[in-house]
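Geometric and topological summary
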Amino acid sequence: MSSFRPAIFSGRCVALSMALASCLGTTSIKAQEYLNGIEWKEPAIVTPGVTNDAPPSDAVVLFDGKDLSRWKNGDKWSVVDGAMVSGKGMVTSLDTFGDCQVHLEWSAPTVVKGDGQGRGNSGVFLMGMYELQVLDSYQNKTYFDGQAGAIYKQTPPMANVMRKPGEWNTYDIFWTAPRFNEDGTLKSPAYITAVHNGVLILNHFELKGDTPFNRPPQYKKHSEKGPISLQDHGNPVRFKNIWVREWQPVVGTQVRKPFLRKGNEEIPLDK
Ligand code: MG
């Protein structure tokens with residue numbers, strides 16, 4: 001059995017640690033360090049929400065449970081117990097966004113009616129035209145590229161993560177907007193990554209274009225920014241806690257070639 005004596009042992013530890021730190025401090029001056037030669041712009045400081053579902057400091061809150069004042073056609077939908085309920089016609093945000101992160105929560109109707117595409121159908125339209133499907137896909141089969149989490153008619157989600165009708169689902173969406181050339185041709189496609197109830201369902205999926213029901217997808221030049229729209233498909237789907245934040249790419253400038261540093265000596269990597 002080992003004779004563990006905390007008081008004495010910790011005293012020795014402190015002394016040993018100090019000696020080690022001193023030793024490392026000396027050697028770190030002479031240690032070899034790799035430097036990439038890139039001058040980075042300082043990342044933005046964003047204050048997170050109280051929970052990871054709550055809007056961070058740089059988010060635009062489109063619906064906080066109170067009213068639909070930030071939505072076109074909002075007067076045709078209703079607010080019941082802090083949730084917005086699908087009404088007549090699509091609602092579209094007044095704010096527009098380019099590359100962005102979207103958080104929203106949605107619930108299929110508690111009272112189950114219909115089946116397939118007729119059950120709890122709505123949709124989140126990025127830039128007003130690219131649909132991430134909202135559907136009651138809990139024990140409700142339909143075509144796979146039309147179930148909840150699908151990019152409509154383009155790809156199914158990687159998993160069906162539905163909660164039961166009436167329970168709240170979360171979507172966290174990471175959107176890269178498409179870019180267009182001056183002449184209207186596509187410069188780079190849209191990409192989407194999406195998380196449904198904490199589970200990755202779309203991983204940097206490249207969209208083939210918009211998502212209509214009755215023709216193939218296509219890209220048609222549009223503004224750099226667009227709204228978020230929520231679909232009316234005749235089913236009383238509920239939404240809450242909707243916020244969006246535009247993200248900016250990391251910016252860095254290669255100000256010199258990568259090199260190694262050892263003490264005061266700088267060693268080029270290409271000699
Ligand atoms: Mg839909």
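Residues numbered from 1 in each chain as written. Predicted model: local features only at pLDDT ≥ 70, side-chain atom pairs only at ≥ 80, totals over all residues.

Before going further, it helps to examine the overall build of the protein chain. When you go through the protein chain residue by residue, the secondary structure sums to one helix and 20 strands. Sorting the 271 residues of the protein chain into buried and exposed places 27% on the buried side. At a minimum sequence separation of 6, the contacts of the protein chain that also span at least 24 residues come to 61%. (Helix = DSSP H or I, 4+ residues; strand = E, 2+ residues; numbered from the N terminus. Buried ≥ 20, exposed ≤ 12 C-beta atoms within 10 Å, placed from the backbone. Contact = placed C-beta atoms within 7 Å.)

Our focus in this paragraph is unusual backbone geometry. One non-glycine residue, Met127, lies in the positive phi region at around 55°. Mapped onto the elements of the fold, Met127 is located in the loop between β9 (122–126) and β10 (130–134). If you check the backbone angles, Lys153 has positive phi at about 65° while not being a glycine. Tracing the sequence through the fold places Lys153 in the loop between β10 and β11 (169–176).

Moving on, we come to the sheet that holds strand β1 (residues 32–35). Here three strands make up an open sheet; going across it, the order is β1-β19-β20 and the pairing antiparallel. Each having just a single partner strand, β1 and β20 (265–268) make up the two edges of the open sheet. Pairs of neighbouring strands in the sheet enclose a mean axial angle of 25°, with direction left out of account. (Pairing = 2+ DSSP bridges. Axes fitted to C-alpha atoms, helices over the stretch in contact; angles between N-to-C directions.)

Counting residues in each nonpolar core, the largest one holds 43 residues, and the members touching the most others are Val124, Leu126, Leu132 and Ile192. When residues no more than four places from it in sequence are discounted, the contact partners of Leu126 are Leu132, Trp175 and Ile228. (Core = buried A, V, L, I, M, F, W, Y, C linked by C-beta atoms within 7 Å.)

A few words now on the pairing of β9. Most of β9 is tucked away: five of the five residues are buried. By the bridge criterion, five bridges tie β9 to β10 in an arrangement that is antiparallel. Looking across to β10, one finds that Gly123 is bridged to Gln133. Between β9 and β10, which pair antiparallel in sequence order, lie three residues; one of them, Met127, sits at a positive phi of approximately 55°. The pairing of β9 with strand β16 (residues 228–230) spans three bridges and is classified as antiparallel. Bridging across to β16, Leu126 finds its partner in Ile228.

Take the sheet that holds strand β4 (residues 71–72) next. Taken in spatial order, the five strands of this open sheet run β4-β7-β16-β9-β10, and their pairing is antiparallel. The open sheet has two free edges, formed respectively by β4 and β10, since each of these has just one partner strand.

All right, on to the confidence of the model for the protein chain then. Detail in the predicted coordinates should be disregarded across regions flagged by low pLDDT. Summarising the model, the protein chain shows a mean pLDDT of 91, and 89% of its residues fall at 70 or more. Averaged pLDDT values for the elements of the protein chain fall to 44 in helix α1 (residues 6–30) and rise to 99 in strand β14 (residues 191–196). (pLDDT = per-residue confidence, 0-100.)

In this fold, Gly82 is placed in the loop between β5 (78–80) and β6 (83–85). For Gly82, a count of 12 C-beta atoms within 10 Å gives the class exposed. Distance in space between the C-alpha atoms of Gly82 and Gly65 is 4.0 Å, their sequence separation being 17 residues. Beyond its immediate chain neighbours, meaning those up to four positions away, Gly82 contacts Gly65 and Lys240.

This next bit is on the environment of Thr142. Looking at where Thr142 falls in the secondary structure, it is placed in the loop between β10 and β11. Sequence-wise, Thr142 and Asp115 are 27 residues apart; in three dimensions their C-alpha atoms are separated by 8.2 Å. Discounting chain neighbours no more than four positions away, the residues touching Thr142 are Gly116, Gln117, Leu135 and Gln147.

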